Amino acid sequence: MTIGLVAATIRNNRIDEQINEIEQYLSNNHNCDLLCFGEAYLHGFHGMSWEYEIDINRAITLDSQSMEELKGLAKEYDCGISFGYIEKFSNKIYSSNIVIDNNGNILDNYRRISEGWKCNWENEHYAEGSSFQVFTYKGKQFVTAICGDFWWDYLIKEIENLSKKVDVVLWPLYIDYSPESWATNARQEYVNQVSSIHCPVLMINSYSPDENEGKGGCCVFNQGHIENELPVGERGILIKKI
């Protein structure tokens, strides 16, 4: 299986443009079985106002028109897609990551467990998931974690145990280190943080044109080292075969 980790341009509250960007990568990467985009990619990492009455209308459901369009693109280009988005379920808002297979079927909809994604901590409508979940695509076993999930010891322990029986961990995130800060300090910290996981961890970050926001980059971490990387500071795609 060929997986493309995509450090793609991220925009806030411009879902149609984000969908167009996903389609561009689909159309240019016919060799891939799965293309993976970053945390909150569809809405933009700063796509929430943190006023519930506004955000509940920005968030989308699994049966929304946008989701149907993306399912159609995955089927049209015969390639699975994974991306972060802000999910509306009932009266709750989640930071979620969805995986759609090459037939347009939803394989996984993971809701971030750790709370660090939100600014409005007191509003119970901004919610978290409760568990990791294993799913299968083209005969390979996957599990997804989002950004800060890996900075909690008890969640790392859960993934450690799961990683003994899966082939790969997807790790969409949003980080805004400068290329210099990443290379000199944070890069090794991230290597160390996931070193106890028994299978490759695929880190996917998005790229913002704003100089103070995320600067792309993707990594394949594998038990204490970096197997391959697209350096922070760059847009593009990093290929991983499993």
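As the structure is a prediction and not an experimental result, all values here were calculated from the model.

Peer 1: Hey, could you go over helix α5 (residues 179–193) for me, with residue numbers and the actual values?
Peer 2: If you look at α5, its biggest bend is around 50°, right at Ala186. What α5 keeps buried is the set Trp182, Ala186, Tyr190 and Val191.

Peer 1: Could you give an account of the environment of Glu39, with specific residues and numbers?
Peer 2: Relative to the assigned elements, Glu39 resides in the loop between β2 (34–36) and α2 (52–58). By relative accessible area, Glu39 is classed as buried at 2%. With residues up to four places along the chain from it excluded, the contact list for Glu39 reads Ile10, Phe45, Gly84, Ser95, Arg112, Trp117, Ile146, Cys147, Pro172, Leu173 and Tyr174.

Peer 1: Can you explain a nonpolar patch on the surface? Please cite residues and give values.
Peer 2: On the surface, Trp151, Trp152 and Tyr154 cluster together into a nonpolar patch covering about 350 Å² of accessible area. Note that Tyr154 resides in helix α4 (residues 153–163). Taking relative accessible area as the criterion, Tyr154 reaches 48% and is therefore assigned partly exposed.

Peer 1: How would you sum up the pattern of salt bridges? Please name residues and give values.
Peer 2: For the structure shown, the criterion picks out 10 salt bridges. One salt bridge connects Arg11 with Glu21, and the closest N-O pair in it is separated by 3.1 Å. Taken together, the residues Arg11 in the loop between β1 (2–7) and α1 (15–28) and Glu21 in helix α1 connect sequence positions 10 residues apart. Given a relative accessible area of 16%, Arg11 falls into the buried group. Its relative accessible area of 15% is what places Glu21 among the buried residues. A salt bridge links Glu229 to Arg187; the shortest N-O distance between them is 2.5 Å.

Peer 1: Explain the packing of α1 against helix α3 (residues 65–76) residue by residue, including any values.
Peer 2: The interhelical angle for the contact between α1 and α3, taken along N-to-C directions, is 5°, at an axis separation of 11 Å. When the axis of α1 is compared with that of α3, the two are roughly parallel. Note on element contacts: α3 touches α1 through Ser66, Glu69, Leu70 and Leu73, opposite Ile15, Ile19, Ile22, Glu23 and Leu26. Split into classes, the residues belonging to the contact of α1 with α3 amount to 6 nonpolar, 1 polar and 2 charged.

Peer 1: Residues and numbers for the side chain of Ser208, please.
Peer 2: With respect to the helices and strands, Ser208 occurs in the loop between β10 (201–204) and β11 (218–221). With residues near it in sequence (within four places) discarded, Ser208 still touches Ile10, Glu213, Gly214 and Lys215.

Peer 1: Quick rundown of unusual backbone geometry? Include the residues and the values.
Peer 2: Phi is positive for Ala40, which is not a glycine, with a value near 55°. Mapped onto the secondary structure, Ala40 falls in the loop between β2 and α2. Given a relative accessible area of 5%, Ala40 falls into the buried group. For Trp50, which is not glycine, the phi torsion reads 70° and is therefore positive. Within the element layout of this structure, Trp50 appears in the loop between β2 and α2. On the accessibility criterion, Trp50 (18% relative accessible area) is buried.

Peer 1: Break down the packing of aromatic side chains for me, with residues and values.
Peer 2: For the structure shown, the criterion picks out 17 aromatic pairs. With centroids separated by 5.7 Å and ring planes inclined at 55°, the aromatic side chains of Trp50 and Trp117 adopt a geometry described as tilted. Highlighted residues: Trp50 in the loop between β2 and α2 and Trp117 in the loop between β5 (106–111) and β6 (126–127), separated in sequence by 67 residues. We classify Trp117 as buried; its relative accessible area is 7%. An angle of 50° between the planes, with centres 5.2 Å apart, marks the rings of Trp50 and Tyr126 as tilted.

Each value, and the rule that gives it
- Residues numbered from 1 in each chain as written.
- Predicted model: local features only at pLDDT ≥ 70, side-chain atom pairs only at ≥ 80, totals over all residues.
- Heavy atoms only, no water.
- Bend = angle between axes of the 7 residues up to and from the residue.
- Helix = DSSP H or I, 4+ residues; strand = E, 2+ residues; numbered from the N terminus.
- Buried < 20%, exposed > 50% of the residue type's maximum accessible area, 1.4 Å probe, protein only.
- Contact = heavy atoms within 4.5 Å.
- Patch = residues over 30% accessible without salt bridge, like charges linked within 9 Å, V, L, I, M, F, W, Y side chains within 5 Å.
- Areas by Shrake-Rupley, 256 points an atom, 1.4 Å probe, with all protein chains shown as cover.
- Salt bridge = Lys/Arg side-chain N within 4 Å of Asp/Glu carboxyl O.
- Axes fitted to C-alpha atoms, helices over the stretch in contact; angles between N-to-C directions.
- Parallel < 35°, antiparallel > 145°, perpendicular 65-115°, else oblique.
- Nonpolar A, V, L, I, M, F, W, Y, C, P; charged D, E, K, R; others polar.
- Phe/Tyr/Trp six-rings, centres within 6.5 Å; stacked < 30°, edge-to-face > 60°.

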